[in-house]
Structure formats: structure tokens, C-alpha cells
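Structural overview for review
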Amino acid sequence: FQPKSLAGRRVLITAGPTFEPIDPVRGITNLSSGKMGYAVARAAREAGAEVLLVSGPTALPAPHGVRRIDVQSARQMLDAVMANLKGQHVFIGVAAVADWRVANASEQKMKKTEGGAPPVLEFAQNEDILATVAATTSVSGWPYCVGFAAESENLLGYGAGKREKKGIPLLVGNIGHHTFGQDDNTIILFDEHGHTVLPRADKLTLARQLVLEIAKRIEHSALL
Ligand code: C5P
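Residues numbered from 1 in each chain as written. Predicted model: local features only at pLDDT ≥ 70, side-chain atom pairs only at ≥ 80, totals over all residues.

1. As for the overall build of the protein chain
- On a plain count of helices and strands, the protein chain comes out with seven helices and twelve strands.
- Taken along its principal axes, the extent of the C-alpha atoms in the protein chain is 65 × 35 × 35 Å.
- Each of the 224 residues in the protein chain was classed as buried or not, and the buried ones make up 40%. (Helix = DSSP H or I, 4+ residues; strand = E, 2+ residues; numbered from the N terminus. Buried ≥ 20, exposed ≤ 12 C-beta atoms within 10 Å, placed from the backbone.)

Here it is, written out as C-alpha cells:
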């Protein structure tokens with residue numbers, strides 16, 4: 001473990017779930033705990049990077065030395081990321097961003113009706129934050145974009161395809177129901193050469209390995 005492999009680099013990380021409001025007191029979210037994203041933020045900071053963490057709602061404290069912006073919805077996460085993207089060398093999308101938001105969210109708390117008819121929610125698709133960031137890299141080559149993918153099956157098959165679809169150099173695959181909320185994880189790195197398995201370990205150990213892998217891949221790129 002080389003402690004300062006990201007010295008001089010600025011790293012932007014998304015973590016946690018998003019929360020998509022239904023009304024002022026209700027919403028739709030997912031089981032992401034934020035542990036993996038926070039571990040990556042801590043590992044990047046330990047490696048000497050200046051780290052900005054854009055986080056959905058989690059119970060976790062910001063890692064030491066890491067600046068955090070708290071958001072709730074996917075749209076707020078996108079806005080916070082785009083507003084802080086300039087000058088970043090690395091973008092790592094670890095957040096479990098909701099694919100859909102509620103298009104007909106109510107401004108007031110929804111009430112039960114006399115007749116008992118339940119509300120009908122309509123959905124709109126959220127923008128893909130990672131793909132949006134990746135689309136900006138064509139100009140300067142920065143930021144180097146890293147995505148995460150949680151699949152419940154056929155990870156080897158889906159991983160390589162997802163990396164290409166998102167237009168990113170590095171995709172980290174993990175098995176969704178084996179990782180959400182857990183302290184341990186198994187991850188597979190997909191890059192243009194193929195895939196590498198990082199065997200099951202605690203999330204901080206894996207995060208440190210991932211940070212080293214990212215550092216290796218950008219070490220010959222000039223600083224901004
Ligand atoms: O397509 P899928 O949701 O499986 O891709 C997961 C990756 O894309 C993660 O890195 C996640 O943070 C990112 N993502 C995103 N914005 C979305 C959906 C996913 O940044 N709306």
C-alpha cells in the first residue's frame with residue numbers, strides 16, 4: 001500500500017442512496033448504506049487526494065479531511081456534481097442513484113380519501129450522473145471516470161457491457177444483495193484489457209486497492 005499515490009489529485013465521489021420525494025414527508029429510496037463510497041473517500045484521502053464527497057442520506061460521518069455536500073434526490077446529486085466538476089482529476093460514482101423520480105410528487109402531505117382510493121404515482125427517468133460526467137471528459141481527458149455496478153446475476157457478462165455503455169475507462173462490479181449494508185464486498189474491475197477480481201474483503205481494504213488501481217492508471221497523465 002503506497003500511502004500517497006493520489007497526492008496532488010482532486011477526487012469527486014458520489015455515495016449513498018438517493019431519496020426521491022413522493023410528498024414532503026414520504027419518499028422512495030434504496031438499501032445503499034454509503035459504506036463503500038465512504039470507504040473509497042477515506043482511501044482516496046489517505047492516498048493524498050483532495051476529496052469531495054457528494055452524499056445521499058446516510059448515517060455515516062464524513063471521513064477525516066473529506067469535504068461533504070449532502071443531497072437527497074438524484075437531481076440534487078447531479079446539480080452538486082456538475083457545480084463542482086471543474087478541476088477534478090477523478091470522478092468515482094459509487095452512489096446508488098434512483099433510476100426514476102416521482103413525476104407527480106405532491107407539494108402537500110397526501111391524505112387518505114373517503115372512498116379509500118390509493119394514490120397513483122407517475123415516474124420520470126433520472127439523468128445518469130456518471131454518463132453525464134463521462135461525456136464531459138472528451139475535451140480535457142479529465143476527470144478519469146470510475147463507475148460501480150451492482151448486479152444480481154451474470155456480473156461478468158453485464159460488467160464489460162456496462163463499462164462501454166457508460167463510456168468510462170473503469171467499472172467496478174459488485175453483487176448487489178451481497179454488498180448493500182454489509183461491511184464486506186467482492187469486486188471485479190473491468191477495464192479495456194478485461195477483468196480482475198479483488199477477492200472478498202472489508203470495504204476499506206477493497207477501497208484502498210481500488211484507489212491504487214486508479215492511481216496506476218492516471219499516474220502518467222499531466223496534472224490540470
Ligand atoms: O446503470 P447502473 O445504475 O447500474 O449504473 C451504476 C453506476 O452508474 C454507478 O456508478 C452509479 O453511481 C451511476 N449512476 C449515476 N446516475 C444514475 C444511475 C447510475 O451516476 N442516474
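Having put the structure on the table, let's press on.
2. As for the UniProt feature "binding site: CTP" (unreviewed entry) in the protein chain
- Per the UniProt record, the feature "binding site: CTP" (unreviewed entry) sits at D99, K109, F148, K162 and K166. With a sequence span of 68 residues, these residues are also far apart in the fold, their greatest C-alpha distance being 38.4 Å.
- Summarising the element assignment, K109 is placed in the loop between strand 7 (100-102) and strand 8 (123-125).
- Contact partners of K109, with chain neighbours within four places excluded, come to D23, P24 and V25.
- Here K166 is to be found in helix 5 (residues 155-166).
- For K166, a count of 19 C-beta atoms within 10 Å corresponds to the partly exposed category. (UniProt positions renumbered as here; feature names shortened; annotations may be inferred. Contact = placed C-beta atoms within 7 Å.)

3. Comments concerning helix 2 (residues 74-83)
- Every buried residue of helix 2 is listed here: A74, M77, L78 and V81. Looking straight down helix 2, one finds that the buried residues subtend no more than 100° of arc, so they occupy a single side. (Arc of directions from axis to C-beta.)

4. Structural notes on the site of the ligand
- For the ligand, the set of nearby residues contains 13 residues, the closest of which are G93, V97, I129, L130 and G147.
- Of all the elements in the fold, those that place two or more residues in the shell around the ligand are helix 3 (129-135) and strand 9 (144-151).
- For the shell around the ligand, the element with the highest residue contribution is strand 9, accounting for three residues.
- Residues that form the shell around the ligand fall into these classes: eight nonpolar, four polar and one charged. (Near = placed C-beta within 6 Å. Nonpolar A, V, L, I, M, F, W, Y, C, P; charged D, E, K, R; others polar.)

5. Topic: the pairing of strand 11 (residues 184-191)
- Strand direction decides the pairing type here: strand 11 and strand 12 (residues 194-202), joined by seven bridges, are antiparallel. Residue pairing in the sheet places I188 in a bridge with V197 of strand 12.
- Hairpin connection from strand 11 to strand 12: two residues lie between these consecutive antiparallel strands. (Pairing = 2+ DSSP bridges.)

6. Looking at the environment of Q76
- Looking at the element boundaries, Q76 is found in helix 2.
- Counting along the chain gives 58 residues from Q76 to T18, while the straight-line C-alpha distance between them is 9.2 Å.

7. Section: the nonpolar core
- Ranked by internal contacts, the top residues of the largest apolar core, which has 54 residues, are I13, V40 and A44.
- In terms of residues, this core owes the most to one element, helix 1 (residues 35-46), which gives seven residues.
- Once residues within four sequence positions are removed from consideration, A44 is found in contact with L6, V11, I13, A49, V51 and V211. (Core = buried A, V, L, I, M, F, W, Y, C linked by C-beta atoms within 7 Å.)

8. Points about the packing of helix 1 against helix 7 (residues 203-218)
- Viewed as axis vectors pointing N to C, helix 1 and helix 7 meet at an angle of 50°, and their least axial separation amounts to 8 Å. Classified by the angle between their axes, helix 1 and helix 7 sit oblique to one another. Of the two elements, helix 1 crosses helix 7, and the hand of that crossing is right-handed. Where helix 1 abuts helix 7, its residues K35, M36, A39, V40, R42, A43 and A44 lie against K203, L204, A207, R208, L210 and V211.
- When the residues that make up the contact of helix 1 with helix 7 are grouped by side-chain class, the tally is nine nonpolar, no polar and four charged. (Axes fitted to C-alpha atoms, helices over the stretch in contact; angles between N-to-C directions. Parallel < 35°, antiparallel > 145°, perpendicular 65-115°, else oblique. Left-handed = near helix turned anticlockwise from the far one by under 90°.)

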